[in-house]
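The residues making up each chain are set out below.
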Amino acid sequence: MTSDIVDGGPDGSAAVPHPAWLPTAAFAPIGRRRVAVVLPDGNDDAEVAATVRREVAAATSAHGGSVVGPDEHPDLVLVLEPTATGSGFRVVRDGDRLTVSAARPTALLHGLFHVVRLGEAAFDGPDGDEQHSPVSGLRMLNHWDNVASHPRHGQVERGYSGGSIFYADGAVRTDLSRVAAYARLLAAIGIDQVAINNVNVAAREARLLTDGLDDVARIAAVLRPYGIRTHLSVSFASPITLGGLTTSDPLDADVRTWWRDTAARVWGAVGDFGGFVVKADSEGQPGPFAYGRDHADGANMLAEAVAPYGGLIHWRAFVYNHRQDWRDRSTDRARAAFDHFAPLDGHFAENVVVQVKHGPMDFQVREPVSPLLAALPRTRVALELQVTQEYTGQQRHAVYLGPEWSEILRWQARGDGTPTVAEDVARAGGFTAVSNVGDDPYWTGHPFAQANLYAFGRLAWDPTLDPSDLLDEWVTLTFPGAPAALREAIHAILDESWLTYEQYTTPLGVGFMVRPGHHYGPDVDGYEYTPWGTYHFADRDGVGVDRSSATGTGYAGQYPEPWRDVYESAESCPDELLLFFHHVPYTHVLHSGTTVIQHIYDTHFAGVERVERMVEAWESVAHLTDDDLTARVRERLAEQLRSAVEWRDQVNTYFWRKSGIADAHGRVIH
Ligand code: GCU
């Protein structure tokens, strides 16, 4: 088969990017029917309402159906009922008629995409009446995109999909049609907020807040018709760097005035602007600590400035000392977010959302869930995930993260029968993630990395959804009419891929054995003697970090019961997190019955074998997708296999040399 992707223009953008989960064929079940759209005049979000009309017109004209009036026997009615309540939509099936209704155009658009997702089944099922509502009104993507290219990170920090879809040649793109296509994809998975620039705010990007506002308004105008509000990442030092003040002390009157005036200009340019994302006192970004203030002082000052407009401050809890002395065994980076933020619970303004990474370190393939997520009952908290695969194969490896996120979302911080992480954060905050798209023709580098973006949106809407079902949804939409063999092969490749990646990279939760800087590929001691606080402490006798309260850093004590006890002792700690919490001898016997050293060898050999099976699975169905996509997946799988072998050999060799203990099965270790 040949591809319908056309090569890009001079700025590197693909003229016709891959349709991802919205190919024209996915609209056939709606498009071949009689559809009525009932929209009272003068509703709030007229541009979103117009999108609903446009989608229906496009679907029916592509597939031979028609747009009809509500009295002309429609098969599908999309109706806006401003008097209805709730943030979701209602789906009623009554005989031959399917009615989707909602109080707001955005919810109606979500309802339309719900019908697209169900396909023919939406029209075939028994009569019924269902309400579909998101668990939270904060379902956000953060772009780590720079306007200008950064010398070390390129244009998109931790971006593995080409350049930014928003910016090219040091400016906001003139042609934002790709952003419109992206917004449409996001609306189809329920995303409702997007931050358009990197949390590490450099000089050029800082100016989006001031002389770049016209451009921000242009981007917002493209996102708005899809029910998405625009946000900016801002630098805490802006009053100095942009305003010419001598301080950015949050308690300084001039600083407060500067931010109030700035907010007035931002909302003057973009009436439905969402708010600011702030990375402060983190990895060199400025923050309130310079003035002896705490993070509530900093966040609340900004919150006050944006409050008149209903704006939010998304204040990141990723605060730690990145200039640690590796000789200092008393400092533990894992403790930092909790130590800084838990004491501030109840001190944040009502429009501050504290954004907490899912683990206490930094998006590793395996970490315990951050104890901070359960330590802020009087604060609005958002969970931060990383869709971009910084530490999970950088979109060269096929790694489906749905199962990892699902495990995090379902985790119960206070034990069985208590609220899940998803329930805790949905209460007043929500869900946010670092986006993985760029101007690559497939959006995401590895075409299968689209499934991660898809799954994030769907899980943010309903965290109880099954990640394997979501993968199935993605396959159904993305490969219309996919033969069973293709579906099965994609499941075979992706269902267990997170665990496979864990097997050939990182044993038992130890983390960070990656090449410093770019974080791709193995380097067991790469971070061991650096200031970053990411150590495994391997010696000739054992490996792992003692984070117990009794003899270690005390991190385990940040958890409520029962987890503080479970993690405290090496006997009760789950195998997969053992080295995160404990330093144990290589001969320590795991619950699985094998020793730590033998587990390291076994999983690394098994991981590579599983990647070999992934390659075989793809080759068995490669003829079933178009040539370009086939080739792209083939090339990525070949690199994944090469990289997995490199990981296996380096990690096994390293631990064999350290421990002097041979593999029980006599396999080749170099
Ligand atoms: C990681 C990542 C950085 C990023 C940071 C953050 O450390 O490597 O590129 O800036 O996370 O979340 O702010």
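The structure we're discussing is the one just above.
Nothing here was measured: the structure is a model prediction, and the numbers come from that model. All residue numbers here refer to positions counted from 1 along the written sequence of the relevant chain. Restriction of local features to residues with pLDDT of at least 70 applies here, the model being predicted, together with a cutoff of 80 or more for giving and counting side-chain atom pairs; totals for whole chains, interfaces and linings are based on all residues. With hydrogens and water excluded, all non-hydrogen atoms of the structure serve as input to the side-chain values.

Colleague: Is there a simple way to think about the site of the ligand in this case?
Modeller: For this description, a residue counts as near a given molecule or strand if any of its non-hydrogen atoms is within 4 Å of it. Taken together, 14 residues form the shell around the ligand, and within it Glu157, Lys279, Arg316, Lys357 and Glu390 come nearest. Polar contact is the term for a pair of N or O atoms within 3.5 Å; when the atoms are in protein, one must be able to donate a hydrogen and the other to accept it, and sequence-neighboring residues count only if both atoms are side-chain atoms. One nitrogen or oxygen atom from the side chain of Glu283 is found 3.1 Å from an oxygen atom belonging to the ligand. A distance of 2.7 Å separates an oxygen atom of the ligand from a polar side-chain atom of Arg316. Here, Shrake-Rupley sampling with a 1.4 Å probe gives the accessible areas, and only protein chains in the shown set may cover a residue. Protein coverage of the free-state accessible area of the ligand, which is 320 Å², stands at 96%.

Colleague: Sorry if this is basic, but what is going on with the sheet that holds strand 5 (residues 97–102) here?
Modeller: Strand pairing in a sheet relies on backbone hydrogen bonds. The paired strands run either parallel or antiparallel. We treat two strands as partners when DSSP finds at least two bridges between them. The numbering of helices and of strands both runs from the N terminus, where a helix is a DSSP run of H or I of at least 4 residues and a strand a run of E of at least 2. The mixed open sheet is built from six strands, whose spatial order is 2-1-3-5-4-6. With one partner strand each, in any of the chains shown, strand 2 (66–67) and strand 6 (128–132) form the two edges of the open sheet. Of the strand pairs in this sheet, strand 1 (residues 34–38) and strand 3 (residues 76–80) are connected by four bridges, and their pairing is parallel. Bridging from a neighbouring strand, Val35 pairs with Leu76 of strand 3. Lying over the sheet, helix 3 (residues 105–118) contacts strand 3, strand 4 (89–94), strand 5 and strand 6, oriented at roughly 150 degrees with respect to strand 5. The contact criterion used is simple: two residues touch if any of their non-hydrogen atoms lie within 4.5 Å. Under this scheme, a helix contributes an axis fitted over its contacting stretch, all axes are lines through C-alpha atoms, and angles between N-to-C directions fall in the 0 to 180 degree range.

Colleague: Hey, could you run me through the side chain of Glu528 in this one?
Modeller: As for its placement among the helices and strands, Glu528 is situated in the loop between helix 17 (497–504) and strand 19 (542–543). Buried and without a salt bridge, Glu528 has Arg329 as its closest oppositely charged side chain, separated by 7.2 Å. Looking at Glu528, its side chain comes within polar contact range of the main-chain nitrogen of Phe537, at 2.8 Å. Discounting residues that sit within four places of it in the chain, Glu528 has contacts with Trp326, Thr534, Tyr535, His536, Phe537 and Ala538. Under the scheme applied here, a residue whose accessible area is under 20% of the maximum for its type counts as buried, over 50% as exposed, and between as partly exposed, the area being computed with a 1.4 Å probe on protein chains only. Note on charges: Lys and Arg go in the positive column, Asp and Glu in the negative column, and His and the chain ends are not counted at all. We count a salt bridge whenever a side-chain nitrogen from Lys or Arg sits within 4 Å of a carboxyl oxygen from Asp or Glu.

Colleague: What am I meant to see in the packing of aromatic side chains here?
Modeller: Here the distance between the centres and the angle between the planes together describe a pair of aromatic rings. Classification of ring pairs rests on two measures: the distance between centres of Phe, Tyr or Trp rings, Trp counted by its six-membered ring, which must be within 6.5 Å, and the angle between planes, read as stacked under 30 degrees, edge-to-face over 60 and tilted in between. Scanning the model with the defined rule gives 35 aromatic pairs in all. Ring geometry for Tyr535 and Phe537: centres 5.8 Å apart, planes at 55 degrees, overall tilted. Assigned by exposure class, Tyr535 and Phe537 land together as buried. Through a chain of ring-to-ring contacts, three or more aromatic side chains come together here, namely Trp411, Tyr555, Tyr559, Trp563, Tyr567, Phe580 and Phe581. In this arrangement the basic side chain of Arg33 is found over the ring face of Phe123, its NZ or CZ atom lying 3.9 Å from the centre. We call a charge positioned above a ring when the Lys NZ or Arg CZ atom is no farther than 6 Å from the ring centre and deviates by at most 35 degrees from the ring normal.

Colleague: I would appreciate a short explanation of the nonpolar core in the present structure.
Modeller: Nonpolar side chains in soluble globular proteins generally cluster together in the buried interior. Counting 206 residues, the largest nonpolar core has Trp21, Phe276 and Phe655 as its most contacted members. No other element matches the eleven residues that helix 20 (residues 596–621) contributes to this core. In this view, Phe276 contacts Leu209, His231, Leu232, Val234, Trp259, Val266, Trp267, Val306, Leu312, Ile313 and His314; residues no more than four positions away in its chain are not counted. In these notes, a set of buried Ala, Val, Leu, Ile, Met, Phe, Trp, Tyr and Cys residues joined through side-chain atoms within 4.5 Å is what counts as a nonpolar core.

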